[in-house]
Amino acid sequence: MSTLVVVGTQWGDEGKGKVVHYLSQEADLIVRYQGGNNAGHTIIFENKPFVLHLIPSGVLFPGKKCLITNGVVIDPQGLYDEAVLLRSKGLDVKGRFFVSELAHLILPYHRYLDILREQGKIRIGTTRRGIGPSYADKVTRLGIRVVDYLDEKVFLDLLERNLKEKAPLLKQIVPVAKVRKETLDAYPKLRKFLKDFATNTSLILDEAIRKGDNVLFESAQGTMLDLDFGTYPYVTSSNPIAGGVCAGAGVGPSKINTILGVVKAYTTRVGEGPFPTELKDDLGEHLRQRGQEFGATTGRPRRCGWFDAVVLRHSARINGLDGLILTKLDCLEGIKSLKICTAYSYKGKRLEEFPASRQVQAECVPIYEEMPGFDESVKGITRFSKLPLNAQRYIKCLEKLVGTPIKLISLGRKREEIISMDGKTCLWF
Ligand code: IMO
Ligand code: MG
């Protein structure tokens, strides 16, 4: 049995898309367990960048099975569009892609409510995909699940009940009749489409684990966007952390073997919220351009900053990380001096751990360790010992500060631009 969880350790956009695509080569089954089409995973496939929001990138490998399990919120239209996009590239997902009947749906009213809420007092800077409102309905027990959607009578009843309940809010930005029409016009097509994929995914998962298949669980977003352990309220509405796998996919904790965290060689964040090591100067702009730090889902410029070891220690602990996968090291080339945040200072006090208070998170100041950068190109390097010495020092310093071994280093967007630290050809540790 081999089950591997891959999580984001920062605020998302760590390069999980490439890493998961790389690790999927050895997987039999690939599972998305939380989030929705707020995620944006860019992968390079046949030399072209490709963004998937919902369907695991593993589908690009013929013969691999992929699941979207109960912890995910599914926008049927978004899923349909993605399946059409894949088909236009000659990839048919039928027969090897399945969706949990228990997953909750994102319907047009959720998207309107997301937009409305973003006009309110606390602006989160969401992706406006209706993620938060859909999870909110799930928790308040108003949600509509895939299984409900497939039963026309049940769905129509629930839709009317929900539209009635949400009408006072919806009316502020859109006529309720328009929302109803939008939902019902698309219904016959989307229902027929979803029917082919809906099933009990926990059974498929259980069977794969019993058989000893390699199962890869991929998170969307990152630990600092986790509803419980992130920078609340500037977070997403699910649990991207490794612990989210069990509730989000219907698998017991005893069945999880290895947990790896993807970490960018610097830090980025999209949307609002605290970001202690943010660079608001030319260097931040340089990282944005060099790393092409623009949202894969919304196109928004990402905020950029130095590596934050406080965040990483928090992530390593919350997720129980066995190892790290470092990405985008190449984007640091040519920066004279590199800074790493080792702790924060707040009102003269040194903080070693990520603070809980939103005010402290917003006002704490990073304490940095500084080291010389590297000018030499890292392109094409496949062994750690061949990296520029200062790059090696930087990596070793990160590893020591976080206290978790680095297993893989990614040096570019292509799948083969990667260094395996122990030179293992088997990618499953
Ligand atoms: P991947 O999978 C980066 C952020 C949004 C916003 C907050 C809440 O590509 O790493 P939501 O729409 O989820 O309610 O927005 O979370 N966010 C992401 N940031 N990468 C993502 O996914 C994100 N998904 C959500 O910008 O701040
Ligand atoms: Mg993203």
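Look up a bit, the structure's there.
Conventions and cut-offs
Residues numbered from 1 in each chain as written. Chains lettered and ligands numbered in written order. Predicted model: local features only at pLDDT ≥ 70, side-chain atom pairs only at ≥ 80, totals over all residues. Heavy atoms only, no water. Near = heavy atom within 4 Å. Polar contact = N/O pair within 3.5 Å; in protein donor to acceptor, adjacent residues only side chain to side chain. Nonpolar A, V, L, I, M, F, W, Y, C, P; charged D, E, K, R; others polar. Pairing = 2+ DSSP bridges. Helix = DSSP H or I, 4+ residues; strand = E, 2+ residues; numbered from the N terminus. Salt bridge = Lys/Arg side-chain N within 4 Å of Asp/Glu carboxyl O. Buried < 20%, exposed > 50% of the residue type's maximum accessible area, 1.4 Å probe, protein only.

Draft legend 1. Molecular detail of the site of ligand 1. Inspection of the region around ligand 1 gives 20 residues, with Asp-13, Lys-16, Asn-38, Thr-127 and Thr-236 positioned closest. Between ligand 1 and His-41, the relevant distance is 3.2 Å, taken from an oxygen atom to a side-chain nitrogen or oxygen of the residue. One of the side-chain N or O atoms of Thr-127 is found 2.6 Å from an oxygen atom in ligand 1. Of the residues belonging to the shell around ligand 1, the class tally is seven nonpolar, ten polar and three charged.

Draft legend 2. Local environment of the sheet that holds strand E20 (residues 418-420). A sheet is described by the order of its strands in space; here ten strands give the open sequence E9-E7-E5-E2-E10-E1-E11-E15-E19-E20, paired in mixed fashion. Looking at strand neighbours, the two that pair on one side only are strand E9 (198-199) and E20, the edges of this open sheet.

Draft legend 3. Summary view of the pattern of salt bridges. Evaluated as defined, the whole model comprises 27 salt bridges. Between Arg-288 and Glu-285 there is a salt bridge whose closest N-O contact spans 2.7 Å. On the criterion of helical spacing, the pair formed by Arg-288 and Glu-285 is a turn pair, its members being three residues apart in helix H10 (residues 282-290). Arg-288 sits in the buried class, given a relative accessible area of 15%. For the salt bridge of Arg-302 with Glu-293, the shortest nitrogen-to-oxygen distance reads 2.7 Å. When salt bridges that share partners are traced, they join Asp-13, Lys-264, Glu-293, Arg-302 and Lys-328 into one network.

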